[in-house]
Amino acid sequence: MLVDINILASSDVHGYYMPWDYAMDKSYEKGSLAQISTEVRKQRELYKNTILIDAGDMFQGNCSELFCEDDIHPAIVAMNEIGYDIWEMGNHEYGYGIKNLQRFIDEFNGEVIGGNVYKDNKRLHKAYCIIEKEGIRIGFIGLVTSLINKFEKGTKAMRGILATDMKYELEFIEKELKDKVDCIIGVIHAGIDNENNVKNTGIRDLLKDDDRLTAVFCGHFHDIQNFNIGNTIILEPGKFGQAIAKLLLRFEKNEKNVKLIKKSSEILIIDESIKPDTEIMKKLNNFHKRAVSYSNEEIGILINNCMSEKSEILGIPQMRVKQTGITDFFLEVVRYYGNADVAMIQLDNDNAGINKGIIRRKDINRNYTYVSGGITSYEITGRILKKILEYSAYFFNESRVGDVNISFNYERQLYKYSSNYFFSNLIYDIDLTSEKRIKNLTYENESPIRDEDKIIFATTKYTMDILIANVLSGEVVKKIYSSKDELREQGSIRNLSCRYIKEVLKGLVEIKPKNNWKIITAPIEKNIRESAIKLINRGYISLINSEDGKCNIKSVNIYDKVDKFDQGLKNMGIDIERFSTKGELYRYANSFILG
């Protein structure tokens, strides 16, 4: 007898229950639980033995925090209506506090798993669950990144909670399940590779010398993945409901035993071709109305445009390489509420800005996209501040004589959130031609920064954890304040930005860049650089980007040999091979094409 079992998984939905982006206040049909429901209905018609799971971070984002104190959360309403069988806890599930989370768990109709989360030395959730279909028993092991200990350290949300090493728990649970099931599946809220260089926080580390898992559904890093590590299928369905991961298992079953004889996997993309389930839309309509109204709340008036400047070079956001008013605004907020001498932030929206006129809550949310970011203040020294600035400056690659553009450190693009950091109350240059990159550093009042200075430094806790893991290991960094501890969700940078506009600026906002920092690059002849930029912007030559498209990883240099990135000029009828350097080619192309 052959038995097919179809396992579907979502992950990192982050508040996209309806096909609507509340920060932009417009329809978003690239993914949602309402659209996932439509695809799940179709899959259940094709396969009677279908199991539906979520791999974590159903909460946090797209106004989902608005409902954290409600008796029932819209995520639970939707998951119950769709018929989720399993919900693995992601790190953001804990952000609303254990009391709120437990209330939502109690309302969920399926199984909740999370085998490495403990309270008072007892597991807070089940380590695994077993689902049986036509006599086939499948065990699902749930794990969440142990880094939630660092993400939420010292906060009220995780008080008394400990997430243990995932690999240790996985091996222990596998042994317990071994003779109870016919197949073991991992549902693990962690990325493929180790996060922040911490051992056993990535799937590769967990599966080293372990071939007991048939497949792993993962999340956390918001990627779309479908590949193998050894014999284990690895599936990750992206973010915001943009895809479903599908694992199809075929078993051969007789009176004596059960054998897995075939397995296949695919990613089912959820886009505008998948219409939302009308029943889910009806169930969530009242939540939707509240979120739209909340996003459109008027916060204040902006009396000047505050947009990132137009990019000098298409494909390189100007905000990455030049100070902008919008970054200075958020820095002002963080420094004010962090009661800090120096503030530091990152923005994940490379095209951030606000138009002149009414400022609504959604404008703040659109620009500062890190939903759970709160302000945490630390006491550091001037010496430590200088180490942070140097680390920040290595977001950029070295600049060589003849470089047309600034390029970016690829490894720094692999972090979950941007590591292009901006600072307040400092004046400095970033010299990309020097090993020691920070030059001419002073406070904003032009007084020097001494190594022994005691500085109150405000940033997000997530960012400080990255700094400690990469550049401040062993340094004394004393936490002195957390806005999230003090104010819970009202302590997010988003909410405090709205409060700052209302209470401190009295609703009238003027945002201008301070121009406190600039980037110094190696020399290049002005005319040839201008010609090269024109050729890039018109699509005749290409920037040198990483294969995954995450960033521009190498500068176009006029002294380099002509290569495939100049192919567009060949298509225009220029014999590019006869030029020994890019610079010679660009000079000719300037007269031939640009006139």
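Up top you'll find the structure we're talking about.
Structural notes, computed from the coordinates. Not measured: the values here are computed from a predicted model.

**Comments concerning the packing of aromatic side chains**
The final tally for this structure, using the stated rule, is 20 aromatic pairs. On the basis of an interplanar angle of 50° and a centroid distance of 4.9 Å, the ring pair of Y16 and Y28 is categorised as tilted. Linking Y16 in the loop between β1 (2-10) and β2 (20-21) with Y28 in the loop between β3 (26-27) and α1 (33-46), this pair joins segments that are 12 residues apart in sequence. Y28 matches Y16 in its accessibility class, with the two residues each being buried. With a centroid separation of 5.6 Å and an interplanar angle of 75°, the aromatic rings of F59 and W87 are classed as edge-to-face. With F59 in the loop between β4 (50-54) and α2 (74-82) and W87 in strand β5 (residues 86-88), this pair connects stretches of sequence that are 28 residues apart. Judged on exposure class, the residue F59 and its partner W87 are both buried. Every member of this aromatic cluster is reached through a ring pair, and the members are F329, F330, Y336, Y337, Y368 and Y500.

**Some thoughts on the packing of α2 against helix α7 (residues 278-295)**
Closest axis-to-axis distance for the α2/α7 pair is 10 Å, and the angle between their directions is 165°. By the criterion of interaxial angle, the relationship of α2 to α7 is roughly antiparallel. The two elements α2 and α7 meet at a crossing, and its hand is right-handed. Mapping the contact onto sequence places P74, V77, A78, E81 and I82 in α2 and E279, I280, K283, L284 and F287 in α7.

**Describing helix α5 (residues 166-177)**
With 12 residues, α5 extends 16 Å between its outermost C-alpha atoms, agreeing within 8% with the 16 Å of an ideal straight helix rising 1.5 Å per residue. Buried within α5 are the following residues: M166, K167, E169, L170, I173, E174 and L177. Along the axis of α5, the buried positions cluster into a sector of 155°, meaning they face one direction only. Summarising the geometry of α5, the exposed residues directed more than 90 degrees from the buried face are Y168 and K175. Where the residues of α5 are buried, they touch β7 (117-119), β8 (122-123), β9 (128-133), β10 (136-144), β12 (183-189) and α6 (203-207).

**Description of helix α3 (residues 98-107)**
Every buried residue of α3 is accounted for by I98, N100, L101, F104 and I105. Buried residues of α3, seen end-on, are gathered within an arc of 160° and therefore sit on one face of the element. Within α3, the exposed residues directed more than 90 degrees away from the buried face are K99 and D106.

**Here we look at the environment of A522**
Structurally, the position occupied by A522 is in the loop between β30 (517-520) and α15 (526-537). According to the relative accessible area criterion, A522 is buried, its value standing at 6%. The spacing of A522 and V334 is 188 residues in sequence and 34 Å in space, taken between C-alpha atoms. A522 has contacts with S399, R400, V401 and T433, leaving out every residue within four places of it along the chain.

**Quick word on the pairing of strand β15 (residues 232-237)**
The buried count for β15 comes to six of six residues, which makes it a mostly enclosed element. Here β15 shows no split at all, with T232, I234 and E236 on one side and I233, L235 and P237 on the other all buried. With three bridges joining them, strand β13 (residues 215-218) and β15 adopt parallel strand pairing. Along β15, the bridge assignment pairs A215 with I233. Linkage of strand β14 (residues 224-229) to β15, two consecutive antiparallel strands, is achieved through a turn of two residues, within which G230 is found at a positive phi near 65°.

**Side note on the pattern of salt bridges**
For the coordinates displayed, the defined rule picks out 40 salt bridges. For R41, the salt bridge is made with D277, and the minimal N-O distance between the two is 2.6 Å. Taken together, the residues span a long stretch of sequence, with R41 in helix α1 and D277 in the loop between β17 (258-269) and α7 at a distance of 236 residues. A salt bridge links E298 to R360; the nearest nitrogen and oxygen atoms lie 3.6 Å apart. Of the two residues, E298 sits in strand β18 (residues 298-302) while R360 sits in strand β22 (residues 357-360), which places them 62 residues apart along the sequence. Residue classification places E298 among the partly exposed positions, given a relative accessible area of 48%. Judged by its relative accessible area of 25%, R360 falls in the partly exposed class. Linked by salt bridges that have partners in common, E174, D210 and R212 make up one network.

**Notes on a nonpolar patch on the surface**
Taken together, the side chains of I301, I303, I358 and L508 present a nonpolar region at the surface, about 330 Å² in accessible area. Within the element layout of this structure, I358 appears in strand β22.

**A closer look at the sheet that holds β18**
The strand order across the open sheet formed by three strands is β22-β18-β29, and the pairing between neighbours is mixed. Either end of the sheet is taken by a strand with one partner, and the two such strands are β22 and β29 (508-509). As judged from the four bridges shared by β18 and β22, these two strands associate in the antiparallel manner. If you follow G300 over to β22, its bridge partner there is I359.

**Brief notes about the sheet that holds strand β28 (residues 478-482)**
If you trace the five strands from one edge of the open sheet to the other, you get β24-β20-β27-β23-β28, paired in mixed fashion. Lying at the two open borders of the sheet, with one neighbouring strand each, are β24 (421-423) and β28. Ignoring which end each strand starts from, the neighbouring axes of this sheet average 30° apart. Its contacts with the sheet place helix α9 (residues 325-337) against β20 (342-346), β24, β27 (454-459) and β28, and it is angled at close to 130° to β20. Contacts from helix α11 (residues 382-393) reach β20, β23 (376-381), β24 and β27 within the one sheet, and its direction differs from that of β23 by about 110°.

Calculation criteria
Residues numbered from 1 in each chain as written. Predicted model: local features only at pLDDT ≥ 70, side-chain atom pairs only at ≥ 80, totals over all residues. Heavy atoms only, no water. Phe/Tyr/Trp six-rings, centres within 6.5 Å; stacked < 30°, edge-to-face > 60°. Helix = DSSP H or I, 4+ residues; strand = E, 2+ residues; numbered from the N terminus. Buried < 20%, exposed > 50% of the residue type's maximum accessible area, 1.4 Å probe, protein only. Axes fitted to C-alpha atoms, helices over the stretch in contact; angles between N-to-C directions. Parallel < 35°, antiparallel > 145°, perpendicular 65-115°, else oblique. Left-handed = near helix turned anticlockwise from the far one by under 90°. Contact = heavy atoms within 4.5 Å. Expected span 1.5 Å × (residues − 1). Arc of directions from axis to C-beta. Pairing = 2+ DSSP bridges. Salt bridge = Lys/Arg side-chain N within 4 Å of Asp/Glu carboxyl O. Patch = residues over 30% accessible without salt bridge, like charges linked within 9 Å, V, L, I, M, F, W, Y side chains within 5 Å. Areas by Shrake-Rupley, 256 points an atom, 1.4 Å probe, with all protein chains shown as cover.

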